[in-house]
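# Coordinate analysis (summary)
So you can see what is in the structure, the chains are spelled out below.
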Amino acid sequence: MDEHTLTKLEYPLVLEQIREFAACGLGLAEIDALTPSSNATWITDALKEVTEARFLSDSRGHMPLGGIRDIRQLIEKAAVSAMLQPKDLLEVAGTLISGRRLKGFLTKDAEKVPRLAAWARQIGEFPKVEEEIRRCIGDKGEVVDSASPQLGSIRSRLRTFQGRISEKLQSILRTHKTMIQEPVITLRDDRYCIPVKAEHRREFGGLVHDQSSSGATVFMEPQVVVELGNELRELMIKERHEIERILAQISALVAARASDIQTTVHALGRLDMVSAKARWADSRRCVEPELDSKGSLVFYGARHPLLQGDVVPIDVRLGGDFTALLITGPNTGGKTVTLKTVGLLTLLAQSGLHIPADPGTRVAIFRNVFADIGDEQSIQQSLSTFSSHIRQISRIVTEANNQSLVLLDEIGAGTDPQEGAALAKSILAFLMERGVRIMASTHYGELKEFAMTAPGVENASVEFNHETLSPTYRLLVGVPGASNALNIASRLGLNKSIIDGARKMVDPDRRSLEEAYLRMEERRLAAEKAESSARQSLAEIEKLKREYQREYQALRNRKEETTRKASEQARDVVRRAQDEAKQILSDLRRAGREDRSTEQARQRLSKLNAAVASQMETVESPVPTVREDLAPKPPKESPALDQGYQELEVEPEVGDEVIATTFGRQGVLRRREGKDAEVQFGAMRMTVPVSTLRKITRTGPSPARREAQRMGAISVEAASTVPSEIHLRGMRAEEALVAVDEYLDQARLAGLRTLRLVHGKGTGALRKVLWSHLKDDPSIKSFAHPPEAEGGAGATVVEFKD
């Protein structure tokens with residue numbers, strides 16, 4: 001595309017606007033490289049990409065481009081075996097992770113955004129690279145101790161030596177106060193120093209590493225820490241070498257996937273550019289233009305994207321029954337803006353951009369666009385405005401052909417009107433013979449007559465309000481512009497005798513022609529207003545239609561999503577029920593060992609059958625009911641702690657469950673001595689009078705079992721309320737196993753993958769019983785203590801199999 005035209009039509013300024021919507025340097029680079037194309041397939045794909053991006057922003061929000069960086073140079077460095085720094089690696093990992101997230105976002109609705117999904121599929125996945133970077137590099141850009149055993153060991157020794165040095169230096173600060181300038185420890189060349197008064201340097205003893213600008217203070221490393229400092233320096237060197245080894249190793253991983261990462265980066269840049277195009281189009285109320293393969297263009301409501309404020313839209317067409325459009329009218333009437341708008345919007349459409357216009361706008365695809373617009377005067381080359389125009393037009397007539405659009409502003413101006421008009425008609429005729437599409441502006445009356453008589457040429461004018469003597473900036477195709485010079489001069493107060501004298505000097509035939517132009521313009525204006533009103537009504541109808549279609553599609557999508565979730569819920573319930581049933585049957589086969597296990601398994605099976613039946617009935621109900629039933633329900637209120645017991649009128653014996661009437665606590669009688677008794681209240685033993693104790697018998701679940709129910713019991717219908725952990729501290733082993741079994745059952749039904757059993761450290765007896773019990777459960781994948789910060793030996797983390 002002609003570079004002179006791109007500049008004259010301010011194409012780079014529009015790219016600057018689009019740059020403001022890019023998320024990163026990748027998108028900026030793509031925008032900067034954007035140029036108009038004449039390939040219809042490329043243009044169509046580029047326009048559809050923007051349409052898809054705008055559809056996504058309306059339905060699901062803008063593309064998630066956060067975290068993406070321009071890492072092209074980093075990948076190139078890694079590819080030539082250069083070592084990347086920690087922050088460089090964080091940028092690489094962040095970009096890869098963000099790319100993976102963007103890929104998932106776009107491929108989720110691949111059938112609705114096929115072109116964007118195709119770009120998304122070019123985004124690779126690099127789990128090993130991401131994992132290694134995240135494992136070795138901290139969020140602040142430091143290589144962490146756990147990056148390698150060697151680095152962890154070195155840093156541990158470093159901290160030890162630093163602590164020893166600090167202790168010795170603190171001791172020196174306390175015992176040598178008179179020699180020290182200031183009681184602080186400073187670093188000089190990675191050596192720990194103390195600021196010593198210069199007159200005490202020999203008495204203080206040690207190595208001088210620096211001195212103040214005045215010379216009054218020397219920074220000395222005391223002799224007693226020199227050897228420790230040497231060893232510390234050696235460890236720091238080892239640390240640096242180990243860090244470099246780790247960084248080189250990770251950089252090699254990046255280098256091994258450099259080609260795939262570069263492909264990913266290219267796709268991310270393209271998607272960033274498409275997102276910026278879409279957001280720019282939204283900000284300018286743009287539409288996707290239709291493409292015309294026959295060289296015709298029709299713009300409805302076209303607006304120049306660089307104009308601010310209340311921009312008057314223009315309607316213009318070219319091609320079909322005429323290939324040249326001649327625009328006439330007063331100065332400042334909008335002729336130049338019209339030429340620039342048509343040329344610029346054509347270039348933008350051929351760059352795959354939606355354009356600020358109304359629906360129905362159609363653009364032609366040109367191999368080249370030429371423009372001779374504005375003051376082309378060149379002081380450096382000593383060329384007049386006319387000479388500069390002729391030089392530019394000379395180049396245009398040499399290069400333009402039937403696949404070109406030529407825009408000529410004030411054609412033939414800058415010289416004698418008669419000769420200029422003759423030259424302009426000759427230029428237009430020459431270009432038309434070559435099949436060039438032409439839009440030109442002029443003041444010459446001879447050219448208006450030429451447009452009315454020459455085949456393939458059409459007149460157009462910018463509308464002028466004769467009451468206010470100001471232009472409306474609307475373009476009227478098919479109507480030549482009338483000369484308003486005398487009317488304007490009269491309204492502006494020029495002497496009436498001068499105006500009358502001028503009117504007499506005007507050729508009568510010319511005056512009649514101007515009056516005919518005015519009548520034509522009035523009739524054309526009335527027709528244009530009627531057509532505009534009809535088109536506005538049609539646009540409103542189309543808008544309502546799109547809104548209804550969008551709402552209808554959204555309702556369908558919600559219905560499909562609800563049905564899909566209900567089906568998945570049903571499948572999950574059945575699958576988990578099958579797995580649980582298999583486990584229960586297995587328990588039943590082994591139940592001969594004790595009656596309690598048999599009864600417990602039967603109860604679990606009965607409960608499971610009831611839950612599955614209830615859930616399946618829910619799934620088979622209408623969709624609105626499914627949505628209500630799947631909503632989380634509040635947990636049922638836990639029973640009071642004193643339920644399930646009955647007080648007996650019998651003197652308690654050792655081993656009986658009792659209640660202390662003085663403070664209402666329940667416990668077990670462990671020992672009696674005369675009038676005193678020792679009672680176990682949970683984890684605490686107390687001595688109380690025997691007279692305050694009453695024997696009780698259990699008529700329902702034990703306190704431990706009720707606590708387990710309170711913490712873990714949950715129905716399938718309210719599965720989302722199952723807690724992620726259960727507390728077993730203070731329970732006897734038998735009570736704890738019952739509570740754990742029931743909690744595990746509910747966790748499986750709820751679909752939990754991991755959970756915590758909090759049993760406390762104590763003697764470890766309860767943990768041993770629990771671990772032995774967990775080993776026999778075939779649904780458990782693994783169990784182990786969590787990290788010390790999360791409970792350590794006082795808890796057990798259980799993970800179920802898939």
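Residues numbered from 1 in each chain as written. Predicted model: local features only at pLDDT ≥ 70, side-chain atom pairs only at ≥ 80, totals over all residues. Heavy atoms only, no water.

From N to C terminus, the protein chain includes 24 helices and 24 strands. Expressed as a percentage of its 802 residues, the buried residues of the protein chain come to 42%. Of the contacts made within the protein chain by residues no fewer than 6 positions apart, 67% connect residues no fewer than 24 positions apart. With the model as given, the accessible surface of the protein chain reaches about 42,000 Å², and the carbon-plus-sulfur share is 51%. (Helix = DSSP H or I, 4+ residues; strand = E, 2+ residues; numbered from the N terminus. Buried < 20%, exposed > 50% of the residue type's maximum accessible area, 1.4 Å probe, protein only. Contact = heavy atoms within 4.5 Å. Areas by Shrake-Rupley, 256 points an atom, 1.4 Å probe, with all protein chains shown as cover.)

On to the environment of D777. Structurally, the position occupied by D777 is in the loop between helix 24 (765-775) and strand 23 (780-784). Considering only alpha carbons, one finds D777 and F800, 23 residues apart in sequence, at a separation of 9.8 Å. Beyond its immediate stretch of four places on either side in the chain, D777 contacts Q583, L744 and R748.

Here we take up the packing of helix 23 (residues 733-750) against helix 24. How two helices sit against one another is set out by the angle between their axes and by the gap between those axes. Close contact between helix 23 and helix 24 brings their axes to 10 Å; oriented N to C, the two are set at 40 degrees. Of the possible angle classes, the one that applies to helix 23 and helix 24 is oblique. Note that helix 23 runs across helix 24; the crossing there is right-handed. Residues A733, A736, L737, V740, D741 and L744 of helix 23 form the contact with helix 24, whose own contacting residues are L766, V769, L770, H773 and L774. (Axes fitted to C-alpha atoms, helices over the stretch in contact; angles between N-to-C directions. Parallel < 35°, antiparallel > 145°, perpendicular 65-115°, else oblique. Left-handed = near helix turned anticlockwise from the far one by under 90°.)

Taken together, four strands build an open sheet; the order of strands is 1-2-4-3 and the sheet is antiparallel. With one partner strand each, in any of the chains shown, strand 1 (186-188) and strand 3 (206-211) form the two edges of the open sheet. Sheet twist, expressed as the mean angle between neighbouring strand axes with direction ignored, is 50 degrees. Its contacts with the sheet put helix 9 (residues 149-175) on strand 2 (191-197) and strand 4 (217-222), and the angle it makes with strand 2 is roughly 10 degrees. Here helix 11 (residues 223-256) sits on the sheet and contacts strand 2, strand 3 and strand 4; the angle it forms with strand 4, its principal contact strand, is near 75 degrees. (Pairing = 2+ DSSP bridges.)

Right, let's get into helix 23. Over its 18 residues, helix 23 extends 25 Å from the first C-alpha to the last, a length consistent with the 26 Å expected when each residue adds 1.5 Å. Just downstream of helix 23, G751 is the residue with a positive phi angle, here 80 degrees. (Expected span 1.5 Å × (residues − 1).)

Okay, the pattern of salt bridges next. This model, assessed by the stated rule, comprises 37 salt bridges. Between R155 and E239 there is a salt bridge whose closest N-O contact spans 2.8 Å. With a gap of 84 residues between them, R155 in helix 9 and E239 in helix 11 connect regions that are remote in the sequence. R155 sits in the buried class, given a relative accessible area of 13%. Residues E647 and R694 are paired through a salt bridge, measuring 3.9 Å at the closest nitrogen-oxygen approach. Of this pair, E647 sits in strand 15 (residues 645-647) while R694 sits in strand 20 (residues 693-698), and the two are 47 residues apart along the sequence. Given a relative accessible area of 43%, E647 falls into the partly exposed group. For R694, a relative accessible area of 31% gives the class partly exposed. Through salt bridges with shared partners, a single network forms among D145, R155, R159 and E239. (Salt bridge = Lys/Arg side-chain N within 4 Å of Asp/Glu carboxyl O.)

Here the focus is unusual backbone geometry. Backbone geometry places D189, a non-glycine residue, at a positive phi of 55 degrees. Counting through the fold element by element, D189 comes out in the loop between strand 1 and strand 2.

On to the side chain of R535. Assignment of secondary structure puts R535 in helix 19 (residues 508-589). Here the side chain of R535 touches D315 through a polar contact of 2.3 Å, side chain to side chain. (Polar contact = N/O pair within 3.5 Å; in protein donor to acceptor, adjacent residues only side chain to side chain.)

A few words on the pairing of strand 12 (residues 437-442). Across the six residues that make up strand 12, a large majority, six, are buried. Direction of pairing for strand 8 (residues 324-328) relative to strand 12: parallel, over a ladder of five bridges. Looking at the pairing, I327 lines up with S441 of strand 12.

Next up on the list: the environment of S724. Note on placement: S724 falls in the loop between helix 22 (703-712) and strand 21 (725-727). Along the sequence, S724 and L755 sit 31 residues apart, while their C-alpha atoms lie 5.0 Å from each other. Ignoring anything within four residues of it in the chain, the contact list for S724 reads Y743, L755 and R756.

Counted under the stated rule, the structure contains one aromatic pair. Taking the centre distance of 5.3 Å and the plane angle of 75 degrees together, the rings of W771 and F783 count as edge-to-face. Residue W771 is located in helix 24, and its partner F783 is located in strand 23; the two are separated by twelve residues in the primary sequence. Here the basic side chain of R164 rests over the ring of F161, its NZ or CZ set 5.3 Å away from the ring centre. Directly above the aromatic system of W771 lies the positively charged group of R767, at a separation of 4.9 Å from the ring centroid. (Phe/Tyr/Trp six-rings, centres within 6.5 Å; stacked < 30°, edge-to-face > 60°. Lys NZ or Arg CZ within 6 Å of the ring centre and 35° of its normal.)

A separate point is the sheet that holds strand 24 (residues 795-800). Sheets are built from strands paired through backbone hydrogen bonds, the pairs being either parallel or antiparallel. The strand order across the open sheet formed by four strands is 21-22-24-23, and the pairing between neighbours is mixed. The outermost strands of the open sheet, each flanked by one partner alone, are strand 21 and strand 23. Averaged over all adjacent pairs, the angle separating strand axes in this sheet is 20 degrees, with direction ignored. Both strand 22 (residues 754-758) and strand 24 contribute to a ladder of five bridges, which runs antiparallel. Bridge pairing in strand 24 links T754 to E799. Contacts from helix 23 reach strand 21, strand 22, strand 23 and strand 24 within the one sheet, and its direction differs from that of strand 22 by about 165 degrees. Across the sheet, helix 24 lies against strand 22, strand 23 and strand 24, angled at about 160 degrees from strand 23, the strand it touches most.

Looking along a regular strand, one sees side chains alternate from face to face of the sheet. Relative to strand 22, strand 21 runs parallel, the two sharing three bridges. Counted as the bridge partner of H727 is V758 from strand 22. The parallel pair strand 21 and strand 22 is bridged by helix 23, and the resulting crossover is right-handed. (Right-handed = clockwise from strand over helix to strand, strands pointing away.)

The contact between helix 4 (residues 40-59) and helix 12 (residues 258-283) brings their axes to 9 Å, and the two run at 70 degrees. One way to sum up the angle between helix 4 and helix 12 is to call them roughly perpendicular. Listed contacts from helix 12 to W42, A46, E49, V50, A53, R54 and S57 of helix 4 are R270, V274, K277, A278, A281 and D282. Across the contact of helix 4 with helix 12, the residue classes break down as seven nonpolar, one polar and five charged. (Nonpolar A, V, L, I, M, F, W, Y, C, P; charged D, E, K, R; others polar.)

To continue, consider the confidence of the model for the protein chain. In the predicted model, the protein chain carries a mean pLDDT of 81, and 79% of its residues have values of at least 70. Confidence over residues 710-719 falls short of pLDDT 50; this stretch has 29 contacts with residues more than four positions distant or in other chains. (pLDDT = per-residue confidence, 0-100.)

One can find P183 in the loop between helix 9 and strand 1. For the pair P183 and L173, spaced ten residues apart in sequence, the C-alpha to C-alpha distance is 6.0 Å.

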